[in-house]
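Architecture at a glance
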Amino acid sequence: MSAIELRGAPVARAINEKIALDVAALAVRGVTPCLVSVQVGEDDASRIYRGQQQKKAAALGIEYRRCDLPVGTQADLESALRELNADFTVHGIILQTPLPRGYDLNAMQDMIDPRKDVDGVTAGNLGAVMCGRPGLYPSTAQSAYELIRASGIELKGKEAVIIGRSAIVGKPVAMMLVNERATITMCHTGTEAAGKLEEHVRRAEILVVAAGVAGLIPGNWVRPGAVVIDVGINYVNDKIVGDIDAQDISERAAYVSPVPGGVGPLTVTMLLRNTVLAAERLAGSTCHTSAS
Ligand code: NAD
């Protein structure tokens with residue numbers, strides 16, 4: 001039997017419908033959710049990503065602003081972030097990466113007000129994922145999680161193996177799964193160096209691969225019946241490919257997310273869902289403050 005494809009677009013469509021309803025409810029209260037994308041200098045990949053953000057935001061009635069800064073000093077970026085944090089018409093801030101050389105990415109991310117951190121990159125929001133508390137979780141991690149949910153698999157007690165331990169993908173996905181009582185194993189370059197990747201992958205009932213290495217996982221390592229999410233985006237001979245070597249996988253996995261077409265189409269939707277969530281919370285706290 002062939003694996004069922006977990007495509008992002010239909011999952012995104014269902015979530016977009018809910019976002020549109022939430023935007024309409026905010027409009028009744030006189031609030032238009034507003035996302036600001038901050039870019040320092042030029043970057044080809046960011047240009048494409050921002051274009052997608054803007055198009056989808058417009059379709060959902062979310063205001064999208066660009067804050068473009070020339071490559072200069074980190075102090076300019078700090079003051080732009082301070083202004084956006086203080087601007088009550090702004091509900092979400094995304095700092096496009098990579099930053100030019102000489103900028104301290106972690107320090108700049110942590111300057112963003114966690115209530116407006118719709119990309120889920122501040123320590124505060126990553127802590128919320130860890131504790132299973134409400135917060136703005138990273139978009140890509142949420143996309144992977146939503147695709148797993150779309151497969152209908154029961155998470156409790158399942159063996160979930162996550163490859164990649166980055167703060168915005170591997171770690172938050174692992175935390176979201178363990179919060180649902182899956183049993184998690186996190187693999188990374190250390191696991192590969194120890195020659196132990198294969199043994200972990202073979203045990204996985206849920207496999208999430210977010211390493212950024214084309215074809216890292218051969219399809220024939222995948223456990224029969226597994227739910228497989230390929231987060232990787234790699235450019236090989238002008239084509240986009242994932243981290244899993246697709247050969248053989250379709251005959252083994254029960255569900256597999258394609259690259260492209262799996263996680264990718266969901267990430268902007270998750271960013272916009274976070275923006276609306278941030279607007280709801282900020283509008284709520286504004287009402288609360290003025291009433292008190
Ligand atoms: P990252 O470089 O920050 O982290 C990669 C992780 O993979 C590291 O923890 C590293 O230990 C692990 N790793 C690298 N090589 C490995 C190997 N040979 N064996 C085992 N582990 C290995 O990357 P990231 O930001 O977490 O992104 C991961 C991938 O997901 C990239 O391909 C990126 O382009 C893609 N991505 C996709 C989307 C999307 O919307 N689809 C969004 C963000 C990132």
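Residues numbered from 1 in each chain as written. Predicted model: local features only at pLDDT ≥ 70, side-chain atom pairs only at ≥ 80, totals over all residues. Heavy atoms only, no water.

1. Here's the deal with the site of the ligand
Using the following cut-off: Residue proximity to a molecule or strand is established when one non-hydrogen atom of the residue lies within 4 Å of it. Here a polar contact means two N or O atoms within 3.5 Å. Within protein one must be a hydrogen donor candidate and the other an acceptor candidate, and residues neighboring in sequence count only if both atoms are side-chain atoms. Surface accessibility in these figures is a Shrake-Rupley result with a 1.4 Å probe; residues are shielded only by whichever protein chains are displayed. Three residue categories are used. Nonpolar comprises Ala, Val, Leu, Ile, Met, Phe, Trp, Tyr, Cys and Pro, charged comprises Asp, Glu, Lys and Arg, and polar comprises the others, including Gly.
Neighbouring residues of the ligand: 21 residues in total, closest Arg-165, Ser-166, Glu-192, Gly-212 and Ile-233. A distance of 2.8 Å separates an oxygen atom of the ligand from a polar backbone atom of Arg-165. A distance of 3.2 Å is found between an oxygen atom of the ligand and a backbone nitrogen or oxygen belonging to Thr-189. Bound to the protein, the ligand loses 73% of the 860 Å² it would expose on its own. Taken together, the residues that form the shell around the ligand break down as ten nonpolar, nine polar and two charged.

2. Some details on the sheet that holds strand β3 (residues 63-69)
Here is the rule we go by: Any two strands with at least two DSSP-identified bridges between them are counted as paired. Helix numbering and strand numbering both begin at the N terminus, where a helix is a DSSP run of H or I of at least 4 residues and a strand a DSSP run of E of at least 2. Whenever a helix is involved, its axis is fitted only over the stretch in contact; in every case the axis is a line through C-alpha atoms, and angles between N-to-C directions fall within 0 to 180 degrees. Pairs of residues are marked as contacts when any of their non-hydrogen atoms sit within 4.5 Å.
In spatial order, the strands read β3-β2-β4; together these three strands make up an open sheet with parallel pairing. Each end of this open sheet is capped by a strand with a single partner; those strands are β3 and β4 (92-95). For this sheet, the mean angle separating the axes of adjacent strands, direction not counted, is 20°. Judged from the seven bridges that link them, strand β2 (residues 34-40) and β3 form a sheet pairing that is parallel. By the bridge assignment for β3, Val-38 is matched with Cys-67. Each of β2, β3 and β4 is contacted by helix α2 (residues 44-60), which is oriented at about 155° to β3, the strand it contacts most. Sheet strands in contact with helix α3 (residues 74-86) are β2, β3 and β4, and its direction is about 180° off that of β2.

3. Re the pattern of salt bridges
We apply this condition: When a carboxyl oxygen of Asp or Glu lies within 4 Å of a side-chain nitrogen of Lys or Arg, that pair is called a salt bridge. Relative accessibility thresholds used throughout: buried, under 20% of the residue-type maximum; exposed, over 50%; partly exposed, between the two (1.4 Å probe, protein chains only).
In this structure the tally under the stated criterion is 13 salt bridges. For Arg-273, the salt bridge is made with Glu-146, and the minimal N-O distance between the two is 3.1 Å. Remark: Glu-146 occurs in helix α6 (residues 139-150) and Arg-273 occurs in helix α11 (residues 264-291); sequence separation between them is 127 residues. On the accessibility criterion, Arg-273 (25% relative accessible area) is partly exposed. Counted as one network, the salt bridges with shared partners bring together Glu-42, Asp-44 and Arg-47.

4. Some thoughts on the sheet that holds strand β5 (residues 159-163)
Ordered in space as β1-β13-β9-β7-β5-β6, the six strands form an open sheet in which the pairing is parallel. Only two strands of the sheet have a single neighbouring strand rather than two, namely β1 (4-5) and β6 (183-187). Bridge count for strand β7 (residues 206-209) against strand β9 (residues 227-230) is four bridges, and the pairing is parallel. Residue pairing for β9: Val-208 is matched across the bridge by Ile-229. Contacts between helix α7 (residues 170-179) and the sheet are confined to β5, β6 and β7, with β6 contributing the most and set at about 170° to the helix.

5. Focus: helix α1 (residues 8-28)
Rule in force here: Each residue after the first adds 1.5 Å to the expected span of a helix. What the arc describes is the spread of directions from the helix axis to the C-beta atoms.
For α1, spanning 21 residues, the distance from its first C-alpha to its last is 30 Å, which sits close to the expected 30 Å at 1.5 Å a residue. The complete set of buried residues in α1 reads Gly-8, Val-11, Ala-12, Ile-15, Asn-16, Ile-19, Asp-22, Val-23 and Leu-26. Buried residues of α1 fall within an arc of 130° about the axis and therefore sit on the same side. Relative to its buried face, α1 has exposed residues pointing more than 90 degrees away, namely Arg-13, Glu-17, Leu-21 and Val-28. Looking one or two places after α1, you find Gly-30, whose phi comes out positive at around 80°.

Purely geometric stuff here, so don't read any function into it on its own.
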